[in-house]
Amino acid sequence: MPTPRDRRARLAAFAVFAVQGLTFATLLTQVATLQRKHGLTDGELSILLLVVPVIAGGGSVLAGAAASRYGSRLVLRLAQPLACAAVVLAGLAPNVPALVVANVLFGLGLGGVDAGMNMQGVAVEREYGRAVLTGFHALWSAAAVAGAVWASAAAGIGLGLPATFSIALVPAVAVALVASAWLYLPGEEHRHRAGSPAEETTAKVKVAWRPIIPLCLAMAFLYVGDSSISNFGSVFMDRVVHAATPVIPLALGAYQLTTFLVRVGGDLAVRRFGSAAIVRAGGAVATLGFVAIVAAPSAPAAIAGFALTGIGLSVVAPQSFSAAGRLDPAGTGVAIARVNMFNYVGFVVGAALVGGIADASGYQVAFAAPLVLAAAIILLARGFQPRTAGSAATTAPIAS
């Protein structure tokens with residue numbers, strides 16, 4: 001049974017996820033505005049955007065190492081204000097070099113928060129003894145939608161970037177810092193490290209790579225698909241199905257909406273059917289979604305395909321983190337940081353792969369690439385099957 005302390009930690013984790021979703025959307029909805037402000041070409045913008053996931057991958061690795069020793073609470077207390085401040089700095093940047101610096105800082109903060117918040121989420125799930133992680137990701141999606149709505153409203157009343165970013169993220173920093181007081185402390189998060197000498201010996205384990213690889217690949221393949229939709233969905237709607245200008249944003253809107261709706265009930269589905277079955281079904285549905293996109297004869301059919309893809313891909317990330325947590329019985333956070341790193345690998349590969357194929361053969365052919373990788377998630381789903389905590393396949397002793 002969860003204790004009042006566990007419930008406070010869960011509320012704090014909800015706050016951290018919400019702030020991260022708001023931060024992410026607040027920046028990404030203003031990419032076109034930043035491009036116009038600094039006179040960036042499409043190629044220069046692509047390079048600037050790729051800086052973020054590359055740096056974020058490094059930030060995730062650093063977060064894993066720090067959290068293993070000091071706990072993810074400290075990581076979040078440092079990284080989340082950094083990410084918010086970096087977005088405000090991006091709005092204030094007077095030139096491209098300053099914008100690059102802001103992007104680097106945002107990447108570091110993004111990687112640290114993504115890893116740290118999922119470490120806290122997995123710790124909450126472990127104490128609750130049932131699936132709760134998908135609910136955190138649902139709130140992330142809801143906050144991202146709120147960030148997009150705020151960006152639209154701010155543009156409508158003529159606010160500049162500094163004001164738009166500051167009004168959203170200064171309060172967000174305050175929320176994150178207040179919530180951090182309720183996050184699990186290292187002794188609570190790494191609960192299996194305390195106790196008898198026998199427990200200390202059991203906790204001294206190294207998380208093996210082999211059982212984590214299916215989770216890493218599933219995460220990467222998910223974000224290849226997500227990256228293709230986020231970066232090129234509007235282009236597909238414009239150039240392939242020739243959608244009207246007001247209809248073009250509905251592709252991404254449908255994808256984000258179904259992602260949120262499925263995540264709201266995702267934990268109940270996992271408790272009933274198990275994570276492996278849910279991921280397998282998600283891979284199948286996402287594959288059908290990409291088939292519908294590639295074969296779409298019209299804008300409504302393409303929007304339906306994007307919505308179907310959101311249903312399928314929405315479950316993969318939270319279940320990847322949850323499964324990684326089960327493979328790390330000592331609660332070090334190392335497994336979660338490794339899986340999180342492949343979030344950014346998938347994003348970079350997706351942007352390069354789909355963009356490259358589109359240049360050579362068109363966007364309809366390009367969207368066949370994430371289709372194939374979504375289908376591969378079906379085969380990787382067996383890696384999400386729960387294992388025993390002390391399995392030799394899961395951990396290996398560290399020499400004292």
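What you see is a predicted model, and the numbers here were worked out from it, not measured in a lab. (Residues numbered from 1 in each chain as written. Predicted model: local features only at pLDDT ≥ 70, side-chain atom pairs only at ≥ 80, totals over all residues. Heavy atoms only, no water.)

J.: A description of the overall build of the chain should follow, citing residues and the corresponding values.
T.: Along the backbone of the chain there are 17 helices and two strands. For 400 residues, the compact-globule estimate of 2.2 N^0.38 gives 21 Å, and the C-alpha radius of gyration of the chain, at 21 Å, lies within 12% of that figure. Each principal axis of the C-alpha atoms in the chain carries an extent, and together these give about 65 × 45 × 35 Å. The buried share among the 400 residues of the chain stands at 53%. A separation threshold of at least 6 residues defines the contact pool for the chain, and within that pool the share at least 24 residues apart is 84%. (Helix = DSSP H or I, 4+ residues; strand = E, 2+ residues; numbered from the N terminus. Rg over C-alpha atoms; globule rule 2.2 N^0.38 Å. Buried < 20%, exposed > 50% of the residue type's maximum accessible area, 1.4 Å probe, protein only. Contact = heavy atoms within 4.5 Å.)

J.: Give a detailed account of a nonpolar patch on the surface, specifying residues and quantitative values.
T.: A surface patch of nonpolar side chains, amounting to about 320 Å² of accessible area, comprises Y70, L74 and L78. Following the sequence through the fold, Y70 ends up in helix 3 (residues 42-70). (Patch = residues over 30% accessible without salt bridge, like charges linked within 9 Å, V, L, I, M, F, W, Y side chains within 5 Å. Areas by Shrake-Rupley, 256 points an atom, 1.4 Å probe, with all protein chains shown as cover. Salt bridge = Lys/Arg side-chain N within 4 Å of Asp/Glu carboxyl O.)

J.: Outline the packing of helix 5 (residues 96-128) against helix 14 (residues 316-326), supporting the account with residue identities and numerical values.
T.: At their nearest, the axes of helix 5 and helix 14 sit 10 Å apart, and the two run at 65 degrees to each other. The orientation of helix 5 with respect to helix 14, classified from their angle, is roughly perpendicular. The chirality of how helix 5 crosses helix 14 is right-handed. Residue-level inspection shows N118, V122, E125 and R126 of helix 5 in contact with helix 14, the latter providing F321, S322 and G325. Considering only residue class, the contact of helix 5 with helix 14 consists of two nonpolar, three polar and two charged. (Axes fitted to C-alpha atoms, helices over the stretch in contact; angles between N-to-C directions. Parallel < 35°, antiparallel > 145°, perpendicular 65-115°, else oblique. Left-handed = near helix turned anticlockwise from the far one by under 90°. Nonpolar A, V, L, I, M, F, W, Y, C, P; charged D, E, K, R; others polar.)

J.: I'd like a rundown of the packing of aromatic side chains, residues and numbers included.
T.: For any pair of aromatic rings, geometry is given as the distance between the ring centres together with the angle between the planes. One pass over the structure, following the stated rule, counts eight aromatic pairs. With a centroid separation of 6.5 Å and an interplanar angle of 40 degrees, the aromatic rings of F290 and F367 are classed as tilted. Here F290, found in helix 12 (residues 275-295), pairs with F367, found in the loop between helix 16 (363-366) and helix 17 (368-380); they are 77 residues apart in sequence, far enough to count as distant. Judged by relative accessible area, which is 0%, F290 ranks as buried. For F367, a relative accessible area of 0% corresponds to the buried category. Each residue in the set F236, F290, F306 and F367 is aromatic and connected to the rest through ring pairs, giving one cluster. The residue whose ring lies beneath R10 is Y128, and the NZ or CZ to ring-centre distance is 5.0 Å. (Phe/Tyr/Trp six-rings, centres within 6.5 Å; stacked < 30°, edge-to-face > 60°. Lys NZ or Arg CZ within 6 Å of the ring centre and 35° of its normal.)

J.: Kindly report on the side chain of T332, identifying the contributing residues and their values.
T.: Topologically, T332 is positioned in the loop between helix 14 and helix 15 (334-361). Of the polar contacts made by the side chain of T332, one reaches the side chain of D328; its length is 2.7 Å. (Polar contact = N/O pair within 3.5 Å; in protein donor to acceptor, adjacent residues only side chain to side chain.)

J.: Requested: an account of the confidence of the model for the chain, with residues and values cited.
T.: Parts of the prediction with low pLDDT should not have their coordinates interpreted in detail. Looking at the chain as a whole, the pLDDT averages 87, with 92% of positions reaching at least 70. Contacts for the low-pLDDT stretch residues 388-400, under 50 throughout, to residues beyond four places or in other chains number 25 contacts. (pLDDT = per-residue confidence, 0-100.)

J.: So what's going on with the packing of helix 11 (residues 250-273) against helix 12? Which residues, and what values?
T.: Angle between the axes and distance between the axes are the two parameters that describe a pair of packed helices. Packing of helix 11 against helix 12 brings their axes to within 7 Å, and their N-to-C directions diverge by 120 degrees. One finds that helix 11 runs oblique with respect to helix 12. Two secondary-structure elements touch here, helix 11 through A269, V270 and F273 and helix 12 through S275, A277 and I278. Classifying every residue of the contact of helix 11 with helix 12 gives five nonpolar, one polar and no charged.

J.: Got a sec to walk through the environment of F221? Specific residues and values, please.
T.: Mapped onto the secondary structure, F221 falls in helix 10 (residues 213-239). When its relative accessible area of 19% is taken as the criterion, F221 is described as buried. As a C-alpha pair, F221 and L373 span 152 residues in sequence and 5.5 Å in three-dimensional space. Non-local contacts of F221, meaning those with residues more than four positions away in its chain, are made with L373, A376, I377 and L380.

J.: For the nonpolar core, give the residues involved together with the corresponding values.
T.: In this structure, M237 and F306 are the most contacted members of the largest nonpolar core, which totals 90 residues. By residue number, the principal contributor to this core is helix 10, which donates 14 residues. For M237, the residues in contact, after removing those within four places along its chain, are H242, A243, V247, I248, A251, A299, A302, I303 and F306. If you look at the next biggest cluster of nonpolar residues, it comprises 29 residues, including L27, L110, A172 and A176. (Core = buried A, V, L, I, M, F, W, Y, C linked by side-chain atoms within 4.5 Å.)

J.: I'd love a proper account of the environment of A18, names of residues and values included.
T.: Here A18 shows up in helix 1 (residues 4-28). Counting along the chain gives 234 residues from A18 to L252, while the straight-line C-alpha distance between them is 20 Å. Leave out the neighbours within four places in its chain, and A18 touches L139 and A143.

J.: I'd like to hear about helix 17, residue by residue, with values.
T.: The terminal C-alpha atoms of helix 17 lie 19 Å apart, and with 13 residues this matches the ideal 18 Å at 1.5 Å per residue to within 8%. Along its buried surface, helix 17 packs onto helix 10, helix 12, helix 13 (299-313), helix 14, helix 15 and helix 16. (Expected span 1.5 Å × (residues − 1).)

J.: Please give an account of the pattern of salt bridges that cites residues and values.
T.: Side chains carrying opposite charge are able to pair once their charged atoms draw close together. Counting across every chain of the model gives one salt bridge. Between E188 and R5 there is a salt bridge, with its nearest N and O atoms 2.9 Å apart. Highlighted residues: E188 in helix 8 (residues 186-189) and R5 in helix 1, separated in sequence by 183 residues.

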